[in-house]
Amino acid sequence: MKRPKLRKASKRLTCHKRYKIQKKIREHHRKVRKEAKKRGHKKPKKDPGVPSAAPFKEELLREAEQRKQRLEELKQKQKLNRQKEHEKKRKLEAKKNAAKIKEKAEGKESSGKSKAKTNKLLDKNSKKSFCRELKKVIEASDVVLEVLDARDPMGCRCPQLEQAVTCSGGDKKLLLVLNKIDLVPKENLEKWLNYLKKEFPTVAFKSATLMKDRTMQEHSAKRRARVDLSRTTECFGSKCLLKLLQEHGKTQNKAIQVGVVGFPNVGKSSIINSLKGVRACNVGLTRGVTKSMQIVHIDKQTKILDSPSIIADPSNNALALALRSIIDTEESGSADVLEGIDAILNHCSKQQVMMHYSIPDFRNTEEFLTLLAQKRGMLKKGGVPDLENIAKLLLCDWTGAKISYHSQPPASQRLPPYLTEDKIAEMQECFNLKNLEEENKNTVQALKYPSPASSIIFQSAGMANGIIEENKVIEVASEWENLETSKEEEEEEEEDFTESDDDQDDEEEEEKDVKQESKVQVTRKAKLGKRQTSPANSEEQVAESEHSNSLSFSLDKTADEDDAYDFNTDYV
């Protein structure tokens, strides 16, 4: 039997009920209007702007624009600082939570073990540990290879290291290895070889960047046919360097140990892999991959010691710190990375940078990064350029082997204070320099080089100071150390670390600052009259105002703001 259709209930209201609702609505609207009248709600006044009859109109508008620009810059700085603090807090909380979970899972005994492990890891990653391991390598080695990047050899030299080796006594020798020679023009490379060989024996070298690991499986023939690895798997200068070391071992009548040292990303581990012919040491674009001394046996008479990077002294200039310091780009703050990019751009030819990246003219570093981020499609939500990530990527490119740039050797040869003619003769004593020169010529002839036009001209900042002594290291307490030492304090402060509240408070502070700036504007009626009488003085005042704009800006009431034009006042 077919079921009967159920009718839906009607939504109609009785007239009595409908009129009653309409009456209530009218009463409510009346009440709202009455209250608004009592409060005296006023419409916001429209900014009248500068009257066209007012004297020095352009100057006033320029001042207002500069003031607005300074406010925006200040807000941007405050925002970056806040982001930095929040990142630190988030990382600290994440690590703290991870430690808590581990403790709960493993219990008291296992928590004790995990603490010991984290302390060991901390010790391994600390700058003091790096210095300790580097000192071990220098003391244990008979020959020290100082690896230099051919693009900026002078910037890769460490006077403290060279002094430690030359003044150590005994038969310890120092060799310079000029790596990444395929990234500079041929003429520039020959100039640098002629300059450096006057101080220490110098070997031209091009390491193989792609090495097969012992554990790697053979790829299929089809896959190998697609990729041309001829350029990356070939190394040049390895035979010359091995021959030089073996000859030195024969003169000493013993097995020698060779220490490989240098600043981050100069290619220390890549040179060892090239000499061995197998990937014996870990390599990577990130700085500070090697954390401890590693022994690699080349043959019966030669052992090579891989070392951690030299730690750059904080007293170095911004360029040296950007290119030579051990920076973890993932953990470092955006302000440090942006400062490093700014230093690099200031030491390069602007036209060549524009040609290399195919971008239009730019006024400052931020504009350059914005244009590059838009070109490469590195955008955040809403199409905002991701300046922080593009800056980190750019820094990796400049320290890695992607960008071809070159610096010129100094016009006159000035020996460092720790090097005398006797020391130079002592360092060159057991090496056949004629054979070395011939081998270097053969290496230079065998390689392909970029043209001088395509390579960016770079102004070197000179030798970079490094820290070798462990007691001279100023260790900045890391977040993990703070976690271990002050666990109880952090538990008390857990409730204060709510991010949303912090963000809201910061936004409110920003708004207050902007309101204060807009309120601290004083009328200029009297001063406008004075300016009409003395037009000569106006130029001096403009110069003074431009000078004051270059100084650091504060939100407090300054002399410039006393002269500010009040847009709310009508002078007509």
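It should be emphasised that the depicted structure is a prediction, and the values quoted were computed from it without experimental measurement.

Trainee: Looking at this structure, I do not really get the overall build of the chain. What am I missing?
Mentor: When helices and strands are counted, the chain shows 23 helices and ten strands. The buried share of the chain, reckoned over its 572 residues, is 38%. Taking contacts inside the chain between residues at least 6 apart in sequence as the whole, the part at least 24 apart equals 78%. When the accessible surface of the chain is totalled, it reaches about 35,600 Å², and 50% of it is carbon and sulfur.

Trainee: Honestly, a nonpolar patch on the surface in this entry has me stumped. Any pointers?
Mentor: On the surface, Leu13, Ile21 and Ile25 cluster together into a nonpolar patch covering about 250 Å² of accessible area. The exposure class of Leu13 is partly exposed, given its relative accessible area of 42%.

Trainee: Just to check I follow, could you spell out the side chain of Gln352 for this structure?
Mentor: By the element assignment, Gln352 lies in helix H13 (residues 350-357). Overall, Gln352 belongs to the buried group, its relative accessible area being 16%. Here Ile457 takes part through its backbone nitrogen, which lies 2.7 Å from a polar atom of the side chain of Gln352. Among all residues touching Gln352, those that are not within four sequence positions of it are Pro452, Ala453, Ser455, Ile456 and Ile457.

Trainee: Even after reading the chapter, I still don't get the pairing of strand S4 (residues 256-261), so can you show me in this structure?
Mentor: The two faces of the sheet receive side chains in turn, since in a regular strand these alternate between them. With respect to burial, S4 is a largely interior element, five of its six residues being buried. Of the strand pairs in this sheet, strand S1 (residues 143-149) and S4 are connected by four bridges, and their pairing is parallel. Counted as the bridge partner of Val144 is Gly259 from S4. As paired elements, S4 and strand S6 (residues 302-306) share five bridges and run parallel to each other. Residue pairing in the sheet places Gln257 in a bridge with Lys303 of S6.

Trainee: When you look at the nonpolar core in this model, what are you seeing that I'm missing?
Mentor: A general tendency of soluble globular proteins is for nonpolar side chains to be buried together. Membership of the largest hydrophobic core comes to 64 residues, with the highest contact counts inside it found for Leu145, Leu161, Leu175, Leu178, Leu189, Leu241 and Leu275. When neighbours within four sequence positions are excluded, Leu275 is seen to be in contact with Phe205, Ser238, Leu241, Leu242, Ile298 and Ile304. In terms of nonpolar packing, the next biggest core, distinct from the first, is built from 28 residues, Ile341, Ala343, Phe368 and Ala391 among them.

Trainee: What am I meant to see in a positive patch on the surface here?
Mentor: A cluster of like positive charges, contributed by Lys17, Lys20, Lys23, Lys24, Arg26, Arg30, Arg33, Lys34 and Lys38, occupies part of the molecular surface. Note that Lys20 resides in helix H1 (residues 15-39).

Trainee: What exactly am I supposed to notice about the packing of helix H14 (residues 365-376) against helix H15 (residues 387-399) here?
Mentor: Helices that pack against each other are described as a pair by the angle of their axes relative to one another and the distance between those axes. Remark: H14 packs on H15, axes separated minimally by 9 Å, with the N-to-C direction vectors making an angle of 90 degrees. With respect to each other, H14 and H15 are oriented roughly perpendicular. For the pair H14 and H15, the contacting residues are Glu366, Phe368, Leu369, Thr370, Leu372, Ala373 and Arg376 in the first and Leu387, Ile390, Ala391, Leu393, Leu394 and Asp397 in the second. Partitioning the contact of H14 with H15 into residue classes produces nine nonpolar, one polar and three charged.

Trainee: What's the story with the packing of aromatic side chains in this structure? I'm lost.
Mentor: To describe a pair of aromatic rings, one takes the distance between the centres and the angle between the planes. Counted under the stated rule, the structure contains six aromatic pairs. With centroids separated by 5.0 Å and ring planes inclined at 50 degrees, the aromatic side chains of Phe362 and Phe368 adopt a geometry described as tilted. We classify Phe362 as buried; its relative accessible area is 7%. Classification of Phe368 by relative accessible area gives buried; the value is 0%. Arranged with centres 5.0 Å apart and planes meeting at 50 degrees, the rings of Tyr405 and Phe458 form a pair that is tilted. Separated by 53 residues along the polypeptide, Tyr405 in strand S8 (residues 405-406) and Phe458 in the loop between strand S9 (456-457) and strand S10 (466-467) bring together distant segments of the chain. An aromatic cluster of three or more residues is present, and its members are Tyr357, Phe362 and Phe368. Of note, Arg18 hangs over the ring of Tyr19, and the distance from its end group to the ring centre comes to 5.6 Å. Above the plane of the ring of Phe362 lies Lys350, whose end atom (NZ or CZ) is 5.1 Å from the centre.

Trainee: Hey, could you run me through the sheet that holds S4 in this one?
Mentor: Working definition: the strands of a sheet are paired by backbone hydrogen bonds and lie parallel or antiparallel to each other. What the six strands build is an open sheet, ordered S3-S2-S1-S4-S6-S5; its pairing is mixed. Each edge of the open sheet is held by one strand with a lone partner, namely strand S3 (202-204) and strand S5 (294-297). Pairs of neighbouring strands in the sheet enclose a mean axial angle of 25 degrees, with direction left out of account. As paired strands, S5 and S6 are joined by four bridges and run antiparallel to one another.

Trainee: What is the right way to read the environment of Gln428 from this model?
Mentor: Turning to its location among the elements, Gln428 is positioned in the loop between helix H16 (421-427) and helix H17 (433-446). The class for Gln428 is buried, based on a relative accessible area of 18%. Excluding residues that lie within four positions of it along the chain, Gln428 makes contacts with Lys197, Lys198, Glu199, Pro201 and Leu433. Only 3.2 Å separates the side chain of Gln428 from the backbone oxygen of Lys197, close enough to count as a polar contact.

Cut-offs applied
- Residues numbered from 1 in each chain as written.
- Predicted model: local features only at pLDDT ≥ 70, side-chain atom pairs only at ≥ 80, totals over all residues.
- Heavy atoms only, no water.
- Helix = DSSP H or I, 4+ residues; strand = E, 2+ residues; numbered from the N terminus.
- Buried < 20%, exposed > 50% of the residue type's maximum accessible area, 1.4 Å probe, protein only.
- Contact = heavy atoms within 4.5 Å.
- Areas by Shrake-Rupley, 256 points an atom, 1.4 Å probe, with all protein chains shown as cover.
- Patch = residues over 30% accessible without salt bridge, like charges linked within 9 Å, V, L, I, M, F, W, Y side chains within 5 Å.
- Salt bridge = Lys/Arg side-chain N within 4 Å of Asp/Glu carboxyl O.
- Polar contact = N/O pair within 3.5 Å; in protein donor to acceptor, adjacent residues only side chain to side chain.
- Pairing = 2+ DSSP bridges.
- Core = buried A, V, L, I, M, F, W, Y, C linked by side-chain atoms within 4.5 Å.
- Lys, Arg positive; Asp, Glu negative; His and termini not counted.
- Charge placed at Lys NZ, Arg CZ, Asp CG, Glu CD.
- Axes fitted to C-alpha atoms, helices over the stretch in contact; angles between N-to-C directions.
- Parallel < 35°, antiparallel > 145°, perpendicular 65-115°, else oblique.
- Nonpolar A, V, L, I, M, F, W, Y, C, P; charged D, E, K, R; others polar.
- Phe/Tyr/Trp six-rings, centres within 6.5 Å; stacked < 30°, edge-to-face > 60°.
- Lys NZ or Arg CZ within 6 Å of the ring centre and 35° of its normal.

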